[in-house]
Amino acid sequence: MISSKRLQFVVQKHDASHLHYDLRLEMGGVMVSWAVPKGLSYDPKVKRLAVRVDDHTMKYASFEGVIPKGSYGAGKVLIWDRGTYMVEHRVGKIGNDKVAKGMLAKGSIRFTLEGTKLKGAWHLLRLKESKNWMLIKLPSPDNRVPDLDERSVVSGKLIEDIN
Ligand code: MN
């Protein structure tokens, strides 16, 4: 039995100047964040762009609502998925958030999500000296693709119903 603190993740759907998804992983008491224009894919052949953005507070991980006009990120936000994640430092060895931060610094984070919608392992890989990362699904034995509906896992609302 592996014991370690469960780290939080959230994926927020964000209808700002461009509709996108924000992936946030808890590390060192903040939510380290990437804007993922097309969201996460379950196809290991698909590489999704993930642009590193400012860290957000832990409190923001539970935010669903409207960011007012004139503020950074103005627009509607819904909690598309949330749950816990793990990093493996060696096969079978679960890392704590120091390990996760080490992976962040190295620009290569392999992580496993245990969310309501998202279950499985992905790889975030930084492109040289940039804010741009690639997000790729790691193959799973069954390659099962669950139903990824667009509703909030908290309120059941669609993005247009957020107010
Ligand atoms: Mn955003």
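Overview of the structure. (Residues numbered from 1 in each chain as written. Predicted model: local features only at pLDDT ≥ 70, side-chain atom pairs only at ≥ 80, totals over all residues. Heavy atoms only, no water.)

Before going further, it helps to spend a moment on the nonpolar core. In terms of nonpolar packing, the biggest core is built from 30 residues, with Leu 25, Trp 34, Tyr 85, Ile 109, Phe 111 and Leu 124 touching the most fellow members. Apart from residues lying up to four places away in sequence, Leu 124 is in contact with Leu 23, Leu 25, Trp 34, Ala 50, Gly 107, Ser 108, Ile 109, Phe 111, Trp 133, Met 134 and Leu 135. (Core = buried A, V, L, I, M, F, W, Y, C linked by side-chain atoms within 4.5 Å. Buried < 20%, exposed > 50% of the residue type's maximum accessible area, 1.4 Å probe, protein only. Contact = heavy atoms within 4.5 Å.)

This paragraph deals with the coordination of the manganese ion. Angles at a metal have ideal values that depend on geometry: 109.5 degrees with four tetrahedral donors, 90 or 180 degrees with six octahedral donors. With distances of 2.1 to 2.3 Å, the protein atoms coordinating the manganese ion are His 14 (ND1), His 20 (NE2) and Asp 22 (OD). For the manganese ion, all donor residues lie on one chain, and their spacing in sequence is H-x5-H-x1-D. Here the two residues His 20 and Asp 22 agree in accessibility, since each one is buried. (Donors = N, O, S within 2.8 Å, 3.2 Å for Na, K, Ca; no water.)

Our next topic: the environment of Pro 146. Looking at the element boundaries, Pro 146 is found in the segment after strand 10 (132–137). With 27 residues separating them in the primary sequence, Pro 146 and Lys 119 have C-alpha atoms 8.6 Å apart. In this structure, Pro 146 is in contact with Tyr 42 and Lys 117, ignoring residues within four places of it in sequence. (Helix = DSSP H or I, 4+ residues; strand = E, 2+ residues; numbered from the N terminus.)

Turning our eyes to something else, we now look at the pairing of strand 8 (residues 108–115). Residues Ile 109, Phe 111, Leu 113 and Gly 115 of strand 8 are buried on one face, while the alternating residues Ser 108, Arg 110, Thr 112 and Glu 114, pointing to the opposite face, are not. Here strand 8 pairs with strand 9 (residues 119–126) via seven bridges, running antiparallel. Across the sheet, the residue bridging to Glu 114 is Lys 119, located in strand 9. (Pairing = 2+ DSSP bridges.)

Turning next to helix 1 (residues 97–106). Along an α-helix, residues three or four apart share an orientation, since each turn contains 3.6 residues. Every buried residue of helix 1 is listed here: Ala 100, Met 103 and Leu 104. The arc enclosing the buried residues of helix 1, seen along the axis, measures out at 105°, which places them on a common side. Turned more than 90 degrees away from the buried face of helix 1, the exposed residues are Lys 98, Ala 105 and Lys 106. At the N-terminal end of helix 1, a side-chain oxygen is found 3.1 Å from the backbone nitrogen of Lys 98, two or three residues along, and the residue is Asn 96. Trailing helix 1 by a residue or two, Gly 107 shows a phi angle of about 80°, which is positive. (Arc of directions from axis to C-beta. Polar contact = N/O pair within 3.5 Å; in protein donor to acceptor, adjacent residues only side chain to side chain.)

To continue, consider the pairing of strand 10. Looking at chain direction, strand 4 (residues 47–57) and strand 10 are connected through five bridges and run antiparallel. Considered in strand 10, the bridge of Lys 47 is made with Ile 136. Note: strand 9 against strand 10, five bridges, orientation antiparallel. Counted as the bridge partner of Trp 122 is Lys 137 from strand 10. Once strand 9 ends, the chain turns through five residues before running back antiparallel as strand 10, passing Glu 129 with a positive phi of about 45°.

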